[in-house]
Amino acid sequence: MARNADRIRAVKGTRDILPPESRLWLKVEEICRDILDAYGFQEIRTPIFEETELFARSVGTNTDIVSKEMYSFEDRDGRSLTLRPEATASVMRAYLDSGAVNQGGVKKYYYSGPMFRRERPQKGRFRQFYQIGAEVLGSDHPTVDVEVLEMLDLLLERLSLTDCVLLLNSVGCSTCRPAYVEALQSSLESVASKMCADCRRRTSTNPLRVLDCKVPADQPIIEGLPKILDYLCSECSGHFRAVTSGLDRRKIRYTITPRLVRGLDYYTRTTFEITHSGLGSQNALLGGGRYDGLSELIGGPPVKGLGFAIGEDRFLMAVERSGALASSAGPEVFVAWMGEEAREAALGAARQLRREGIRTEIVFDPVNFKKSLALANKMGARWTLIVGDDEVKRGLFQIKDMQTGQQEELPAGRLMEEMRARRNKSAPV
Ligand code: HAM
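This one's a predicted model, so the numbers in the text were calculated from it and none came from an experiment. (Residues numbered from 1 in each chain as written. Predicted model: local features only at pLDDT ≥ 70, side-chain atom pairs only at ≥ 80, totals over all residues. Heavy atoms only, no water.)

Draft legend 1. Structural view of the site of the ligand. Taken together, 27 residues surround the ligand, and among them Glu86, Glu119, Phe126, Tyr267 and Ala284 come closest. Tyr266 has a polar side-chain atom sitting 3.0 Å from a nitrogen atom of the ligand. At a separation of 3.4 Å, a nitrogen atom of the ligand approaches a polar backbone atom of Gly307. With the chains in place, 96% of the 650 Å² that the ligand exposes on its own is no longer accessible. Contributions of two or more residues to the shell around the ligand are made by β6 (128–137), β10 (284–290) and β11 (305–311). If one sorts the elements of the shell around the ligand by residue count, β10 sits on top with 6 residues. (Near = heavy atom within 4 Å. Polar contact = N/O pair within 3.5 Å; in protein donor to acceptor, adjacent residues only side chain to side chain. Areas by Shrake-Rupley, 256 points an atom, 1.4 Å probe, with all protein chains shown as cover. Helix = DSSP H or I, 4+ residues; strand = E, 2+ residues; numbered from the N terminus.)

Draft legend 2. Spotlight on helix α13 (residues 369–379). A side-chain oxygen of the first residue of α13 lies 3.2 Å from the backbone nitrogen of Lys370; this N-cap is Asn368. A positive backbone phi angle near 80° is found at Gly380, which sits one or two residues after α13.

Draft legend 3. Region of interest: the sheet that holds β11. Spatially, β1-β5-β6-β11-β10-β9-β7-β8 is the arrangement adopted by the 8 strands of the open sheet, whose pairing is mixed. Each edge of the sheet is formed by a strand with only one pairing partner; in this case those strands are β1 (42–43) and β8 (255–256). With 2 bridges joining them, strand β7 (residues 164–170) and β8 adopt parallel strand pairing. In the sheet register, Leu167 faces β8, and the bridge partner there is Thr255. Strands in contact with helix α1 (residues 21–38) are β1, β5 (107–116), β6 and β11; relative to β6, the strand with the most contacts, it is inclined by about 5°. (Pairing = 2+ DSSP bridges. Contact = heavy atoms within 4.5 Å. Axes fitted to C-alpha atoms, helices over the stretch in contact; angles between N-to-C directions.)

Draft legend 4. Local environment of the layout of surface pockets. As a volume, the second largest pocket reaches approximately 340 Å³. Residue lining of the second largest pocket: 18 residues in total, with Asp153, Leu156, Cys164, Leu166 and Arg253 positioned closest to the centre. Mapped by element, the contributors of at least two residues to the lining of the second largest pocket are α5 (142–158) and β7. No other element matches α5, which puts 5 residues into the lining of the second largest pocket. Classifying every residue of the lining of the second largest pocket by side-chain character gives 10 nonpolar, 3 polar and 5 charged. (1 Å grid on protein atoms, 1.4 Å probe; cavity = no way out; pocket = protein on both sides within 12 Å on 5 of 7 lines; lining within 4 Å. Points joined across faces, edges and corners; volume = space filled by probe spheres on them. Nonpolar A, V, L, I, M, F, W, Y, C, P; charged D, E, K, R; others polar.)

Draft legend 5. Examining the side chain of Thr275 more closely. With respect to the secondary-structure elements, Thr275 resides in strand β9 (residues 268–276). A relative accessible area of 12% means that Thr275 is categorised as buried. Beyond its immediate sequence surroundings of up to four residues, Thr275 is in contact with Asp163, Cys164, Val165, Leu167, Asn283, Ala284 and Leu285. (Buried < 20%, exposed > 50% of the residue type's maximum accessible area, 1.4 Å probe, protein only.)

Draft legend 6. Layout of the environment of Arg76. Note that Arg76 resides in the loop between β3 (71–74) and β4 (80–83). Judged by its relative accessible area of 87%, Arg76 is exposed. When the C-alpha positions of Arg76 and Asp198 are compared, they lie 35 Å apart, and in sequence the two are 122 residues distant.

Draft legend 7. Structural view of the packing of aromatic side chains. Per the counting criterion, the structure on display carries 6 aromatic pairs. With a centroid separation of 6.4 Å and 75° between ring planes, the pair formed by Tyr95 and Tyr109 is classed as edge-to-face. Taken together, the positions of Tyr95 in helix α4 (residues 88–97) and Tyr109 in strand β5 put the pair 14 residues apart, joining distant regions of the chain. Looking at Tyr95, the relative accessible area reads 4%, which means it is buried. Across from the ring centre of Phe126, 4.1 Å away, lies the NZ or CZ of Arg15, which sits over that ring. Sitting above the plane of the Phe41 ring, Lys108 keeps its charged end 5.6 Å from the centroid. (Phe/Tyr/Trp six-rings, centres within 6.5 Å; stacked < 30°, edge-to-face > 60°. Lys NZ or Arg CZ within 6 Å of the ring centre and 35° of its normal.)

Draft legend 8. Structural view of the sheet that holds β4. Taking strand neighbours across the sheet as the criterion, the 3 strands line up as β2-β4-β3 in an open arrangement whose pairing is antiparallel. Edge positions in the open sheet fall to β2 (49–51) and β3, since each of these has one partner strand only. Direction aside, neighbouring strands of the sheet carry axes that sit 30° apart on average. In this sheet, β4 lies alongside β3 in antiparallel orientation, the contact comprising 4 bridges. Counted as the bridge partner of Ser72 is Thr82 from β4.

Draft legend 9. Fine view of the nonpolar core. In this structure, Met92, Tyr95, Leu137, Leu211 and Leu225 are the most contacted members of the largest nonpolar core, which totals 52 residues. Where this core is concerned, the elements lending two or more residues are α2 (52–58), α3 (64–69), α4, β5, β6 and α6 (177–191). Tallying contributions element by element places α4 first for this core, with 6 residues. Once residues lying within four places of it in the same chain are set aside, the contact partners of Tyr95 are Ala100, Val101, Lys107, Tyr109, Leu137, Gly138 and Val303. (Core = buried A, V, L, I, M, F, W, Y, C linked by side-chain atoms within 4.5 Å.)

Draft legend 10. Layout of the environment of Asp64. Mapped onto the fold, Asp64 is located in helix α3. For Asp64, a relative accessible area of 22% gives the class partly exposed. In the structure, Asp64 is positioned 130 residues away from Lys194 in sequence and 22 Å away in space, judged by C-alpha atoms. Discounting residues that sit within four places of it in the chain, Asp64 has contacts with Glu69 and Arg202.

Here it is, written out as structure tokens:
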């Protein structure tokens, strides 16, 4: 087909989520919300844009996100604003702004919505993508880390997502990390000349980021670099041991991955990612960790925190592959009618069914039954309710089971009762 140069299309790296896919998104979100609710998380909604400084100070000016991926713009009053590339910093800001920080105790928030990063688009990577995330603020107890990972384990189980691996690490704290970064930097100085241009640059700007490098030739060199777990202070190594033994007791499997330092600077201690082997190179389904120093980075008092964000786009790809939530988006009942009197009976039946929450479609203009049945089939209807003038006279409907082809008569007065019974017997649609 000729491409009309004048027609405006979606911006590169963005996309529309249309039915029936949008239905699956809703289902996955519902399952996530139910589990988050069971674990005591409550929803928080923060603005889509924030002061640029919020992300610069929390995510870190030398990270890829801040240095080259943010959608920042100058507002009319000259202030620099940014479309949020992530939401943890916003949640912490809201916690401080609202005064919730002064209430003491632990607060558990969750959020969902679009994030924006100007990355190179590819499978599983978009410039507008969606996250469902959660944050626990006000405690550094290792049980928080374990409970959050336990909740994620349950979520994967509910969605039948196998082929997932939990990668776990500790990145230490402001006491022990500087010594590690120094050791890393001095090791890098002797090997950087053999590495890619990004690694050479990062050796001086942000040596921890070298550990994220995916260039195949650099991998053996990176494997030989010092490991952060050997540099943890006694508090951090005690915390990490408590987290791993909590996971062991719950029989949650994990792989300790010393290279997992994550792409955001605010992390302290526990960091984690869950990868899925069916997703190709963008295989991180979700990522998170502890950020006990984040509040201070944005001018707040010390606040302990831990959280994660699921990349919903990738999550949906994995759910689709698993097939566990495959669902028909078609109507449960298609109402076919012919004749003026039948039309009124059909509209009445459709109204009743819809009030009951039964997904119902009805044709607006008269068409013959053959055409109606063909349409019902095309739409994937579970049943077709048929009413002509003869049925109106006899006070009944015909109901056709579109899976078995069986057709039966239904007294009009028993329509809802019969439909409820059929629906209960049939597999969820
Ligand atoms: P993140 O690792 O940058 O962490 O993002 C979390 C997840 O979002 C990733 O694992 C991935 O699934 C998804 N994601 C990231 N970028 C893209 C993209 N361009 N296209 C599609 N999906 C993407 C954070 O954002 C932290 N705020 C997580 C967190 C919460 N840490 C503590 N609390």
